[in-house]
Amino acid sequence: MGADRLPTGIASVDRLLGGGLETDSVTEVYGEGGSGKTLFCLDVAHRVAQEGRWVFYIDTEGVSVDRLRSIAGANLEKLLKRFLLSTPKDLEEQTDAVRTACALAREGRRPVGLLVVDSATAYYRLSLSGPDEDDARQALSLEISDLVVTAMRAHVAVLVTNQVWRSIRDGTLEPVGGSFLNHAAKTILFFERLPGPRRRAILKKHRDRPEGSADFRITDQGLDGGSSA
Ligand code: GTP
Ligand code: MG
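Residues numbered from 1 in each chain as written. Chains lettered and ligands numbered in written order. Predicted model: local features only at pLDDT ≥ 70, side-chain atom pairs only at ≥ 80, totals over all residues. Heavy atoms only, no water.

Undergrad: Mind showing me how you'd approach the packing of aromatic side chains here?
TA: Aromatic ring pairs: the centre-centre distance and the angle between the two ring planes describe each pair. For the structure shown, the criterion picks out 5 aromatic pairs. The rings of Phe40, Phe191 and Phe216 are connected pair by pair, giving a single aromatic cluster. In this structure, Arg110 packs its charged tip against the face of Trp54, placed 4.8 Å from the ring centre. (Phe/Tyr/Trp six-rings, centres within 6.5 Å; stacked < 30°, edge-to-face > 60°. Lys NZ or Arg CZ within 6 Å of the ring centre and 35° of its normal.)

Here's what the structure looks like:
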């Protein structure tokens, strides 16, 4: 038996994932700037809040409310009542925000449907190659462990985004977060930019789904993965 799924509402991606995000594990989405990671997080968050469950959203880019407005329209104020939004300004604040969100999710007083960290690695990346590199690695590892345990115990879908670097050897785009994040995430999606508004989600890792891909488009109202038929 597979885990329960949280539909993303993006038909092609839901088909790829066998129904949606797993609700007891961490899903990682990585891809270059503009590949749609943030829009994906907001789309799923919008759907969860619309259905009356809480979203704990950690936004290191400080863009979520503006972007959510174009997805949610007149419903924005109502939706934000189901959002616990935090906008950390550095890795230390991010660590605190993740710890708090995980503790609240596990406490179970609010029905939480989704926990998002977008981006999990932006501040971490800034600390690499500096004097705080070891501390940053440790902070990220602890955060990810906390998220893994929270997903399992609170039965909540956890969605984290990760940035990329380009391998000099073969030119491929590789996730920044290092092997720890890639081991901890049970599902890994790579978002690829295609011409114009087209994007492709490539399934790199899953517990019980074959590798494959799903195409979708960026629209003013969010992501469109075609019809669900
Ligand atoms: P980084 O955070 O920079 O790594 O990028 P990302 O992967 O999070 O990309 P994001 O989801 O922010 O944006 C994906 C693309 O959507 C970008 O090319 C944006 O220009 C585009 N975009 C954002 N909002 C809208 C919108 O309301 N309408 C349309 N048509 N495009 C949008
Ligand atoms: Mg983004």
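Once the structure has been displayed, the description carries forward.
Undergrad: Explain helix H2 (residues 37–50) to me, please; I cannot follow it from the model alone.
TA: Each turn of an α-helix holds 3.6 residues, which means side chains three or four residues apart point in the same direction. For H2, with 14 residues, the first-to-last C-alpha span of 20 Å sits near the 20 Å given by 1.5 Å per residue. Most of H2 sits inside the fold, with 12 of its 14 residues counted as buried. Within the sequence span of H2, burial applies to Lys37, Thr38, Leu39, Phe40, Cys41, Leu42, Asp43, Val44, Ala45, His46, Val48 and Ala49. Count one or two residues on from H2 and you reach Gly52, which has phi positive near 95°. (Helix = DSSP H or I, 4+ residues; strand = E, 2+ residues; numbered from the N terminus. Expected span 1.5 Å × (residues − 1). Buried < 20%, exposed > 50% of the residue type's maximum accessible area, 1.4 Å probe, protein only.)

Undergrad: Just checking my understanding: could you explain the side chain of His46 for this structure?
TA: Its place among the elements puts His46 in helix H2. Residues contacting His46, with those up to four places away along its chain left out, are Leu68, Ile71, Ala72 and Leu79. (Contact = heavy atoms within 4.5 Å.)

Undergrad: Just checking my understanding: could you explain the site of ligand 1 for this structure?
TA: Neighbouring ligand 1 are 14 residues; Gly34, Lys37, Thr38, Glu61 and Asp220 lie closest to it. Take Thr38: an N or O atom from its side chain is 2.8 Å from an oxygen atom of ligand 1. One nitrogen or oxygen atom from the side chain of Glu61 is found 2.5 Å from an oxygen atom belonging to ligand 1. Contact with the protein chains covers 67% of the free accessible surface of ligand 1, which is 660 Å². For the shell around ligand 1, the element with the most residues is H2, which contributes 3 residues. Among the residues making up the shell around ligand 1, the classes are represented as 2 nonpolar, 6 polar and 6 charged. (Near = heavy atom within 4 Å. Polar contact = N/O pair within 3.5 Å; in protein donor to acceptor, adjacent residues only side chain to side chain. Areas by Shrake-Rupley, 256 points an atom, 1.4 Å probe, with all protein chains shown as cover. Nonpolar A, V, L, I, M, F, W, Y, C, P; charged D, E, K, R; others polar.)

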